[in-house]
Amino acid sequence: MIQAKLERLSDAKPGERFRIIKIAIEGTMKRRLLDLGFVPGNEVLVLQKSPLGDPTAYRVSHTTIALRNEESSNIYGERMRNEQQS
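A brief look at the structure comes next. Just so it is clear, the structure is predicted and the values come from calculations on it, not from any experiment. (Residues numbered from 1 in each chain as written. Predicted model: local features only at pLDDT ≥ 70, side-chain atom pairs only at ≥ 80, totals over all residues. Heavy atoms only, no water.)

### Concerning unusual backbone geometry
Turning to step 1, where the next piece is worked out: The peptide bond linking Asp54 to Pro55 adopts the cis configuration, its omega dihedral lying at 10°.
Turning to step 2, where the next piece is worked out: Within the secondary structure, Pro55 is located in the loop between β3 (43–49) and β4 (56–60).
Turning to step 3, where the next piece is worked out: Here Ser61, not a glycine, exhibits a phi torsion of approximately 50°, which is positive.
Turning to step 4, where the next piece is worked out: Along the chain, Ser61 turns up in the loop between β4 and β5 (63–67).
Turning to step 5, where the next piece is worked out: Classification of Ser61 as partly exposed rests on a relative accessible area of 41%.
Turning to step 6, where the next piece is worked out: At His62, a position not held by glycine, the phi torsion is positive, near 60°. (Helix = DSSP H or I, 4+ residues; strand = E, 2+ residues; numbered from the N terminus. Buried < 20%, exposed > 50% of the residue type's maximum accessible area, 1.4 Å probe, protein only.)

Right, dumping it as C-alpha cells:
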C-alpha cells in the first residue's frame, strides 16, 4: 500500500476537501474535536478563512466549525480530488 504524504488541515485552501488521518492533539481539545466530528476517516470541507487568515471555517459532519491555525495545524490528512468537476 502506498501511503500519501500527510498534510496539515491548516494548509488546505477554501473549497478543498480533506480526509482526516491523524489528530496530533491531546487532552480536552482532542476530545472536543472528536465530539465535533473531526474523526480519522471523516471528510472536511474548507469553507473560508477570516479576513486576517485566522480562524478558518470548516464543514464536518453537517456542521460548520471555526478553528484557529493552532488547532488545525495539528490535524493531518490528505487533500481529496474534487470528482464533481470532471
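### Considering the environment of Arg79
Turning to step 1, where the next piece is worked out: Here Arg79 is to be found in strand β6 (residues 75–80).
Turning to step 2, where the next piece is worked out: The class of Arg79 is partly exposed, set by a relative accessible area of 30%.
Turning to step 3, where the next piece is worked out: Measuring from C-alpha to C-alpha, the distance between Arg79 and Arg17 comes to 5.9 Å, with 62 residues separating the pair along the chain.
Turning to step 4, where the next piece is worked out: In this structure, Arg79 is in contact with Glu7, Asp11, Ala12, Lys13, Glu16, Arg17 and Phe18, ignoring residues within four places of it in sequence.
Turning to step 5, where the next piece is worked out: A polar contact is formed between the side chain of Arg79 and the backbone oxygen of Asp11, at a distance of 2.9 Å.
Turning to step 6, where the next piece is worked out: A polar contact is formed between the side chain of Arg79 and the side chain of Glu16, at a distance of 2.9 Å. (Contact = heavy atoms within 4.5 Å. Polar contact = N/O pair within 3.5 Å; in protein donor to acceptor, adjacent residues only side chain to side chain.)

By themselves, these figures tell us nothing about what the structure is for.
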